[in-house]
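The chain contents come next:
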Amino acid sequence: MLVVQTGGGTCAANASLAGAVLQAGRHPESIEEIYGAVNGFAGILEGRLIDLQEEKQQTIKDLCHTPGAALGAGTMTLDFQANPELAGAQTAALFEVLERNNVRYLFPIGGVRTQDLANRIHTEARTRGYELRVIGIPKSATNDIPGTDHSP
C-alpha cells in the first residue's frame, strides 16, 4: 500500500494519513507493506518511499492531532491536457515505481486535482491490466470535490 499527501498541510491531512495506515495495519493478509511517498507524487516518481511500518504505532496515532503534512505534501500532478507527452512519460515512471514495489493499493490524500489524478491512475491501471485499487481520500478546505458531501 502507498499513501501520498498533496496540496497544503492541514489539520485533516495527517489524521487521514493516520487512519489509512492504522486500518491497513489490520489487514496483514492482503497488505504486506505500507509505504508513504515523500513530497507527493514527485516523491513517487523519484522513488522516495518510506516504510511506515517502521514508525512506532504511537507516532502514527499522534498524527491524528498533529496539523501539517507528515510526508511533505507535494503539489505536482500529471498534467494530461497541457502536456500529454510529459504526462505519458510521468505515468510510465509512476507505474514503474508502483510495480517495482508491488503496490496494489494507492491512497492519494488531497483536493480536486488529486482526486482527478486518482481517477486517471485507476483508469490507466485498468488499461495496463495492473491490479491496483485507488482509494482517494478527500481533503479540501473549500469543500469543492465533486461527488462528496463533505471532506476533512
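The sections below set out a description of the structure shown in this document. Since the model is a prediction, treat every value here as computed from it, not as a measurement. (Residues numbered from 1 in each chain as written. Predicted model: local features only at pLDDT ≥ 70, side-chain atom pairs only at ≥ 80, totals over all residues. Heavy atoms only, no water.)

1. Concerning the pairing of strand 1 (residues 2–5)
Burial along strand 1 is two-sided: the face carrying L2 and V4 and the face carrying V3 and Q5 are both buried. Taken together, the two bridges between strand 1 and strand 2 (residues 35–37) define a ladder with parallel strand orientation. The partner of L2 across the bridge, within strand 2, is Y35. Pairing between strand 1 and strand 4 (residues 105–110): four bridges, direction parallel. Within strand 4, the position partnered with V4 by the bridge is P108. (Buried < 20%, exposed > 50% of the residue type's maximum accessible area, 1.4 Å probe, protein only. Helix = DSSP H or I, 4+ residues; strand = E, 2+ residues; numbered from the N terminus. Pairing = 2+ DSSP bridges.)

2. Side note on helix 1 (residues 11–24)
Because an α-helix completes one turn every 3.6 residues, residues spaced three or four positions apart along the sequence face the same direction. For helix 1, spanning 14 residues, the distance from its first C-alpha to its last is 21 Å, which sits close to the expected 20 Å at 1.5 Å a residue. In terms of residue burial, helix 1 counts as a mostly covered element, since ten of its 14 residues are buried. Those residues of helix 1 that fall on the buried side of the exposure criterion are A12, A13, N14, S16, L17, A18, A20, V21, L22 and A24. Tucked inside the fold, the buried residues of helix 1 contact strand 1, helix 3 (57–62), strand 4 and strand 6 (137–138). (Expected span 1.5 Å × (residues − 1). Contact = heavy atoms within 4.5 Å.)

3. Section: the side chain of N14
With respect to the helices and strands, the residue N14 is situated in helix 1. In terms of polar contacts, N14 uses its side chain to reach the backbone carbonyl oxygen of T66, at 2.9 Å. There is a polar contact of 3.4 Å between the side chain of N14 and the backbone oxygen of G68. (Polar contact = N/O pair within 3.5 Å; in protein donor to acceptor, adjacent residues only side chain to side chain.)

4. A short note on the pairing of strand 4
Among the six residues in strand 4, six count as buried, and that is most of the element. Neither face of strand 4 is open: one carries Y105, F107 and I109, the other L106, P108 and G110, and all of them are buried. The pairing of strand 4 with strand 6 spans two bridges and is classified as parallel. Each bridged residue has a counterpart across the sheet, and for I109 the counterpart in strand 6 is I137.

Geometry only, nothing functional implied.
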